[in-house]
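# Tertiary structure, described
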Amino acid sequence: MRTKIRYTTVLLAFIFAIIPVVCILMIHHLTLTETLSKMGSGSLGESSSLIKVNGTIDTQELIKSSEIGNIKIALYIDENDDDGTIRNIYFNKDYVNLPMKSGRFFKKSDFSNGTSIAVVGKNREAETYINASGESCILINDMEYSVIGVIGYEQATILDDYIYVNLNSLDNVENPLLTIDYLNSRQCDMLSEIFINNISNYSVSSEIISGNTSFSDSIMPTIVSARWFLCIIICCFICLLLTSV
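All values derive from a computational prediction rather than experimental measurement. (Residues numbered from 1 in each chain as written. Predicted model: local features only at pLDDT ≥ 70, side-chain atom pairs only at ≥ 80, totals over all residues. Heavy atoms only, no water.)

What follows covers the overall build of the chain. Along the chain, the regular secondary structure elements total 5 helices and 13 strands. Out of the 245 residues belonging to the chain, those deemed buried represent 40%. Put simply, of all contacts in the chain between residues at least 6 apart along the chain, 75% involve residues at least 24 apart. If you sum the accessible surface of the chain, you get close to 13300 Å²; carbon and sulfur atoms cover 56% of it. (Helix = DSSP H or I, 4+ residues; strand = E, 2+ residues; numbered from the N terminus. Buried < 20%, exposed > 50% of the residue type's maximum accessible area, 1.4 Å probe, protein only. Contact = heavy atoms within 4.5 Å. Areas by Shrake-Rupley, 256 points an atom, 1.4 Å probe, with all protein chains shown as cover.)

Below, the structure written as C-alpha cells:
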C-alpha cells in the first residue's frame, strides 16, 4: 500500500509540474504561428497605414509625431536592394515574437541612444563579417552596423531576405514612404490623421496612401491551440482520476 501511494504521489507531482510547461509552450506556439501567418502582409499588427511624407525630416521628429496616446506602434521605412529589403524600424513599447536563429531582436532601449545596430535574416547572414573589435557587423549604405541577431525559422519565410536597421541611427530622411504598424489598434484611419496633424508642426506635409485592417484568421492557430488544450485536459483528467483513487 505504501508503494502505491508513493508512486501515485510522484506521478501527481510530475503531472502538476508539466502542466505549466505545456501552457507556456502553447502560448509560444500560438504567438509564433500568428506571426508567421502575418509575415507576407507587410505589417504584423492589428492595422497599418502607408503614409508619404513630403520633405526632409529628422528621425526624432518622425518618431515624436507617431507617439499617439497609449497606442503600440512600429514604424518602417523600407529600401529595396539586390538581395532583399532593408527595413529601418522603430517601435515604442514592444514588438511581435519573431523566430530567431541566433542572438536577439531589438529592444525598446536600443532606440533611445540611436546605436548603429542591425538584425539580419538568415539568407543575409553571409553578408556579415567580423571587424577589428571581434564584433559581427554588416555594411549598409557605406555605414557599419553591429549585428545583434539573425532571424530564422526552420522553414523559409519572407523575412529571411530582410535586414532590420535601427531607424533612430539615421539623422534624417528625405521624402520617406512610411508604414505605421498599429500593433494593438484597428483604428488606422483615425490614428493616421492624428499623425499627419502632428507631423505638420515640423514644416513638412504628408498624405495617407493606403490603410488596411488585419482580418487574417489563419486555421493554424486554431489547430495548434486545440492540440495543446487537449494535452492540458488529458493531464487534468489524469490528476483528478488519481486523486479520487
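Picking up after the structure, the text goes on.
This brings us to helix α2 (residues 59-66). Buried within α2 are the following residues: Thr59, Leu62, Ile63, Ser65 and Ser66. Considered in projection along α2, the buried side chains sweep an arc of 160 degrees and stay on one side of the axis. For α2, the capping residue at the N-terminal end is Asp58, with a side-chain oxygen 2.8 Å from the backbone nitrogen of Gln60. (Arc of directions from axis to C-beta. Polar contact = N/O pair within 3.5 Å; in protein donor to acceptor, adjacent residues only side chain to side chain.)

A separate point is the confidence of the model for the chain. Across the chain, the average pLDDT comes to 81, with 73% of residues at 70 or higher. Within the chain, the lowest mean pLDDT, 62, falls on helix α5 (residues 219-244), and the highest, 95, falls on strand β6 (residues 117-121). In this model residues 216-221 is a low-confidence stretch, pLDDT under 50, and it forms 5 contacts with partners more than four residues away in sequence or in other chains. (pLDDT = per-residue confidence, 0-100.)

This brings us to unusual backbone geometry. One non-glycine residue, Asp142, lies in the positive phi region at around 65 degrees. Along the chain, Asp142 turns up in the loop between β8 (136-140) and β9 (143-151). The backbone of Asn175 shows a phi angle near 50 degrees, a positive value even though the residue is not glycine. Mapped onto the elements of the fold, Asn175 is located in the loop between β11 (172-174) and β12 (177-182).

Bringing the packing of α2 against helix α4 (residues 188-199) into the picture now. Two elements in contact, α2 and α4, have axes whose closest approach is 8 Å; the angle formed by their N-to-C orientations is 140 degrees. As judged from the angle between their axes, α2 and α4 are oblique. For the element pair α2 and α4, the recorded crossing hand is right-handed. Where α2 abuts α4, its residues Leu62, Ser65 and Ser66 lie against Phe195, Asn198 and Ile199. Across the contact of α2 with α4, the residue classes break down as 3 nonpolar, 3 polar and no charged. (Axes fitted to C-alpha atoms, helices over the stretch in contact; angles between N-to-C directions. Parallel < 35°, antiparallel > 145°, perpendicular 65-115°, else oblique. Left-handed = near helix turned anticlockwise from the far one by under 90°. Nonpolar A, V, L, I, M, F, W, Y, C, P; charged D, E, K, R; others polar.)

A separate point is the nonpolar core. Formed by 39 residues in total, the largest nonpolar core has its most connected members in Leu62, Tyr95, Phe105, Phe106, Tyr164 and Phe195. Those elements that provide at least two residues to this core are β1 (47-54), α2, β3 (73-81), β4 (84-91), β6, β10 (162-166), β12 and α4. Here Phe105 is in contact with Ile89, Phe91, Tyr95, Leu98, Met100, Asp110, Val119, Ile148, Ile151 and Tyr164, once residues within four sequence places are set aside. (Core = buried A, V, L, I, M, F, W, Y, C linked by side-chain atoms within 4.5 Å.)

Glancing now at the side chain of Asp181. As for its placement among the helices and strands, Asp181 is situated in strand β12. Of the side chains bearing the opposite charge, Arg87 lies closest to the buried Asp181, which forms no salt bridge; the N-O distance is 6.4 Å. Sequence-distant contacts of Asp181, defined by excluding residues within four places in its chain, comprise Ser43, Leu44, Gly45, Ser47, Ser48, Lys72, Ile73, Ala74 and Tyr76. (Lys, Arg positive; Asp, Glu negative; His and termini not counted. Salt bridge = Lys/Arg side-chain N within 4 Å of Asp/Glu carboxyl O.)

If you check α4, its first and last C-alpha atoms are 16 Å apart, about what 12 residues at 1.5 Å a residue would give, namely 16 Å. Burial in α4 covers these residues: Cys188, Leu191, Ser192, Phe195, Ile196 and Ile199. All buried residues of α4 lie within an arc of 145 degrees about the axis, which places them on one face of the element. Buried residues along α4 sit against β1, β2 (56-58), α2, β12 and β13 (205-213). (Expected span 1.5 Å × (residues − 1).)

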